[in-house]
Amino acid sequence: MANKKLKLKRLHGQRSAQLKRMIKTSDSRLKPTDRDVPDKKKKNNDTELKVMEKPQASSAMFFQYNTQLGPPYHILVDTNFINFSIKNKLDILKTMMDCLYAKCIPYVTDCVVGELEKLGQKYKLALRIVKDSRFERIKCMHRGTYADDCLVQRVMQHKCYIVATNDKDLKRRIRKIPGVPIMNVAINRYVIERMPDAFEPMAKK
């Protein structure tokens, strides 16, 4: 038993001696490639002021309120909003004005018209409504007829629009953009989401 204890003590002693003998990474005997010398430039960079790039806030936004929203309201219309309006037998312009109690100007982009043209004969009535003279046409500079990206980009650039859509994915994307209200089709009427208090119609007076 005593011999075993002595052997264990020797082993512990040898291990501790080996650990002490290990060369540190900053030791002068090491080659420059193996040496871990702290970089002076890195230290200096830490003390320097870091430049951060942040997107410029829109001039239309004032304490989370969009100052560019006001009558007459400019409403960007989506493909499925028109289809839902037809299904619910709603007159788009009249129902918009009933919802907002002010003059409304519906806007249709080229890609929305392109989407309706692609859908064929079933959506002939929707296409006829969109081509009405009361609907303002917006020219698109992008390729293709995918309207969602176009509407999101337009709303980010110009804060004067309300987006009329029933598309869940598009709604989710627009909710992330501050100061942009969403209009959607409910049962026999339109509902406005996230409208600033300053411009909400005083219905209950």
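Source: prediction; values computed, not measured.

What counts and how
- Residues numbered from 1 in each chain as written.
- Predicted model: local features only at pLDDT ≥ 70, side-chain atom pairs only at ≥ 80, totals over all residues.
- Heavy atoms only, no water.
- Helix = DSSP H or I, 4+ residues; strand = E, 2+ residues; numbered from the N terminus.
- Buried < 20%, exposed > 50% of the residue type's maximum accessible area, 1.4 Å probe, protein only.
- Contact = heavy atoms within 4.5 Å.
- Areas by Shrake-Rupley, 256 points an atom, 1.4 Å probe, with all protein chains shown as cover.
- Core = buried A, V, L, I, M, F, W, Y, C linked by side-chain atoms within 4.5 Å.
- Pairing = 2+ DSSP bridges.
- Axes fitted to C-alpha atoms, helices over the stretch in contact; angles between N-to-C directions.
- pLDDT = per-residue confidence, 0-100.
- Arc of directions from axis to C-beta.

Engineer: Describe the overall build of the chain, and please don't skip the residues or the numbers.
Structural biologist: Counting its secondary structure elements, the chain contains eight helices and eight strands. Here the chain holds 205 residues, and 35% of them are scored as buried. Taking all contacts inside the chain whose residues are at least 6 apart in sequence as the whole, residues at least 24 apart take part in 63%. Here the chain has roughly 15500 Å² of accessible surface; of this, 53% comes from carbon and sulfur atoms.

Engineer: Let's hear about the nonpolar core: which residues, and what values?
Structural biologist: Grouped together as the largest cluster of nonpolar side chains are 30 residues, with contacts concentrated most on Ile75, Phe81, Ile82, Met96, Leu100, Met183 and Tyr190. Core analysis: the next-biggest nonpolar cluster, separate from the first, contains 14 residues, Ile105, Ile138, Leu170 and Ile182 among them.

Engineer: Any chance you could break down unusual backbone geometry for me, citing the residues and the numbers?
Structural biologist: With omega at -5 degrees, the peptide bond leading from Pro71 into Pro72 counts as cis. Within the secondary structure, Pro72 sits in the loop between strand E2 (65–66) and strand E3 (73–77). One non-glycine residue, Lys89, lies in positive phi territory at about 55 degrees. Take Lys89: it is sitting in the loop between helix H3 (79–87) and helix H4 (92–100). For Lys89, a relative accessible area of 77% translates into the label exposed.

Engineer: Residues and numbers for the sheet that holds E3, please.
Structural biologist: Strand order in this open sheet of six strands is E5-E4-E3-E6-E7-E8, and the pairing throughout is mixed. What marks the edges here is a single partner per strand, and that holds for strand E5 (136–138) and strand E8 (189–193). Strand-to-strand twist in this sheet, taken as the mean axis angle between neighbours without regard to direction, amounts to 35 degrees. Pairing geometry for strand E6 (residues 161–164) and strand E7 (residues 182–186), over two bridges, is parallel. Bridge assignment links Val163 to a residue of E7, and that residue is Ile182.

Engineer: Any chance you could break down the confidence of the model for the chain for me, citing the residues and the numbers?
Structural biologist: Mean pLDDT over the chain stands at 78; residues scoring 70 or higher make up 68%. Ignoring residues within four places in sequence, the model shows residues 197–205, a span with pLDDT below 50, making eleven contacts including any to other chains.

Engineer: Could you give an account of H4, naming the residues involved and the relevant values?
Structural biologist: Those residues of H4 that fall on the buried side of the exposure criterion are Ile92, Leu93, Thr95, Met96, Cys99 and Leu100. For H4, the angular spread of buried residues about the axis comes to 165 degrees, placing them on one side. Where H4 ends, the next residue or the one after it, Tyr101, has phi of about 55 degrees, a positive value.

Engineer: Go over the pairing of E8 with me, naming the residues and quoting the values.
Structural biologist: Examined bridge by bridge, E7 and E8 share five bridges and lie antiparallel to one another. Across the sheet, the residue bridging to Val185 is Tyr190, located in E8. Here E7 hands over to E8 after two residues, with Asn188 in that stretch at a positive phi of 60 degrees.

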